[in-house]
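# Residue-level structure breakdown
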Amino acid sequence: MPQKKKLTQAELVERVKQLDLRTTSQQLLAALSLAGQVVLNQPNPEGVTPQAMAMERAEDEDAKLLAQVTEEEHQEIMAKMVGYANRAPGHLAKDEELYLEQQLSDMLGFPVAAELEGKRLNHSIGIMGGEQHLMRFPGDSLGQHDAYQEAGIAPNRGAFGWFTENGQLTERAVQREKYYFAVQTLYLPDWNQNHPELKPWYKFRKMIVINPSEEVAVVGVVGDAGPAEWVKKQFGGSPEIIREGKIWSPKAHGKILLLFVDDPEDQIPLGPINLQYDHS
């Protein structure tokens, strides 16, 4: 049997040039497909394919980028709120108010508003002063309040009555007195004419104080009327609100934002909320 002629390098190059392109492409695709199957069938103790792992890594990178942007936006919002809180007592311009309501609602996870059901206080920006504890029921005493007793207790019940429910000091009643606001309902322009309608609407109405300088908020209820105009403060807060909300810290100096909480089903608990950016 005659031996095959050994091809020179030049002849090999020529043979390659003469190969059918279609055949070459098919062979290349088949080789790639086989290689892909080999990779996919490699043992993986976590049960994750390389493609899924690559997609997961990409999603992680996207999440990191998104978190970075969100943190920057968060700080920008907080800086704007600090500026708002340091303005003269009153209300924001409508566009600023809408911006604040939207950003806070997104941040908190529940709706807040400067105006609710057509009702608005005379101020949503102002200074909050410290109040005493309020009597929750007839015969209540300072010793029966479990915290901040150094604040004292008012000699009379609050403007909106006892905190009890059907004569019982329920847990909800305890929380309402702990986290109560005093607001200047008596200076509302229609208070005297619409007092029978307005008083029950404002009684224990849920609101939230925003202390942007300390990045903390406190949800509470309207539990008293005041302070008087000559005090030069627009709102009052219970001992718990003042202390847990850091209202009179060296950075805040009592300058806050106070908004309504739209919570008809009473799902939002009372108490402080951390507004700092969550890095988790």
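We now turn to the structure provided with this report.

Reading the values: rules and limits
- Residues numbered from 1 in each chain as written.
- Predicted model: local features only at pLDDT ≥ 70, side-chain atom pairs only at ≥ 80, totals over all residues.
- Heavy atoms only, no water.
- Helix = DSSP H or I, 4+ residues; strand = E, 2+ residues; numbered from the N terminus.
- Buried < 20%, exposed > 50% of the residue type's maximum accessible area, 1.4 Å probe, protein only.
- Contact = heavy atoms within 4.5 Å.
- Areas by Shrake-Rupley, 256 points an atom, 1.4 Å probe, with all protein chains shown as cover.
- Polar contact = N/O pair within 3.5 Å; in protein donor to acceptor, adjacent residues only side chain to side chain.
- Core = buried A, V, L, I, M, F, W, Y, C linked by side-chain atoms within 4.5 Å.
- Lys, Arg positive; Asp, Glu negative; His and termini not counted.
- Salt bridge = Lys/Arg side-chain N within 4 Å of Asp/Glu carboxyl O.
- Phe/Tyr/Trp six-rings, centres within 6.5 Å; stacked < 30°, edge-to-face > 60°.
- Lys NZ or Arg CZ within 6 Å of the ring centre and 35° of its normal.
- Pairing = 2+ DSSP bridges.
- Expected span 1.5 Å × (residues − 1).
- Arc of directions from axis to C-beta.

## Quick notes on the overall build of the protein
The number of helices and strands found in the protein is seven helices and eight strands. A buried classification covers 38% of the 280 residues belonging to the protein. Here the contacts in the protein between residues at least 6 apart in sequence split such that 74% fall between residues at least 24 apart. For the protein, the accessible surface area stands at approximately 16800 Å², while carbon and sulfur atoms represent 54% of it.

## A look at the side chain of asparagine 211
Within the secondary structure, asparagine 211 is located in strand β4 (residues 206–211). Overall, asparagine 211 belongs to the buried group, its relative accessible area being 1%. In this structure the side chain of asparagine 211 is engaged in a polar contact, spanning 2.9 Å, whose partner is the backbone oxygen of glycine 245. A polar side-chain atom of asparagine 211 sits 2.8 Å from the main-chain carbonyl oxygen of lysine 246.

## A few points about unusual backbone geometry
Here glycine 226 and proline 227 are connected by a cis peptide whose omega angle stands at -5 degrees. Of note in this structure, histidine 253 is not a glycine but carries a positive phi near 55 degrees. One can find histidine 253 in the loop between α7 (239–244) and β7 (255–261). The backbone of aspartate 266 sits at a positive phi, close to 55 degrees, despite the residue not being glycine. Residue placement: aspartate 266 occurs in the loop between β7 and β8 (271–274). With relative accessibility at 39%, the residue aspartate 266 sits in the partly exposed group.

## Some remarks on the nonpolar core
Considering soluble globular proteins, one finds that nonpolar side chains tend to be buried as a cluster. Of all hydrophobic cores here, the largest spans 23 residues; its most connected members are Met128, Phe181, Tyr202, Met207, Val209 and Leu258. Only β3 (180–183), α6 (191–202), β4, β5 (216–225), α7 and β7 provide two or more residues apiece to this core. Ranked by the residues each element gives to this core, the list is headed by α6, at four residues.

## With respect to the side chain of arginine 176
Note that arginine 176 resides in helix α5 (residues 171–178). Of the side chains with opposite charge, glutamate 165 lies nearest to the buried arginine 176, which makes no salt bridge, at 4.1 Å. Ignoring sequence-local partners within four residues, the contact set of arginine 176 consists of Phe163, Glu165, Phe204, Val221 and Leu270.

## Observations regarding the packing of aromatic side chains
Each aromatic ring pair is described using two quantities: the centre-to-centre distance and the angle formed by the ring planes. Taken as a whole, this structure holds four aromatic pairs when the rule is applied. A centroid spacing of 4.9 Å and a plane angle of 80 degrees characterise the contact between tryptophan 201 and tyrosine 202, whose relative ring orientation is edge-to-face. Judged by centre distance (5.6 Å) and plane angle (75 degrees), the rings of tryptophan 201 and phenylalanine 260 are edge-to-face. Placement of the pair is tryptophan 201 in helix α6 and phenylalanine 260 in strand β7, with a sequence separation of 59 residues. A single burial state applies to tryptophan 201 and to phenylalanine 260, both of which are buried. A connected cluster of aromatic rings, assembled from ring pairs, spans Trp201, Tyr202 and Phe260. The side chain of lysine 80 reaches across the aromatic face of tyrosine 99, ending 4.4 Å from its centre. Positioned above the aromatic ring of tryptophan 201, the side-chain terminus of arginine 205 is 3.9 Å from the ring centre.

## Side note on the pattern of salt bridges
Applying the stated rule across the entire model yields 13 salt bridges. Across the salt bridge formed by lysine 119 and glutamate 197, the nearest N and O atoms sit 3.4 Å from each other. Remark: glutamate 197 occurs in helix α6 and lysine 119 occurs in the loop between β1 (112–113) and β2 (125–130); sequence separation between them is 78 residues. The class of glutamate 197 is partly exposed, set by a relative accessible area of 46%. Residue lysine 206 pairs with aspartate 266 through a salt bridge whose shortest N-O separation is 2.7 Å. Of this pair, lysine 206 sits in strand β4 while aspartate 266 sits in the loop between β7 and β8, and the two are 60 residues apart along the sequence.

## Let's talk about the pairing of β2
By the bridge criterion, three bridges tie β2 to β7 in an arrangement that is antiparallel. For isoleucine 125, the partnering residue across the bridge sits in β7 and is leucine 257.

## Side note on helix α4 (residues 94–108)
For α4, built from 15 residues, the straight-helix expectation of 21 Å at 1.5 Å per residue is met to within 8% by its first-to-last C-alpha distance of 21 Å. Within α4, the full set of buried residues consists of Glu96, Glu97, Leu100, Glu101, Leu104, Ser105 and Leu108. The arc enclosing the buried residues of α4, seen along the axis, measures out at 155 degrees, which places them on a common side. Exposed and facing more than 90 degrees away from the buried side of α4 are Asp95 and Asp106. Just downstream of α4, glycine 109 is the residue with a positive phi angle, here 90 degrees.

These results come straight from atomic positions and should not be treated as a statement about function.
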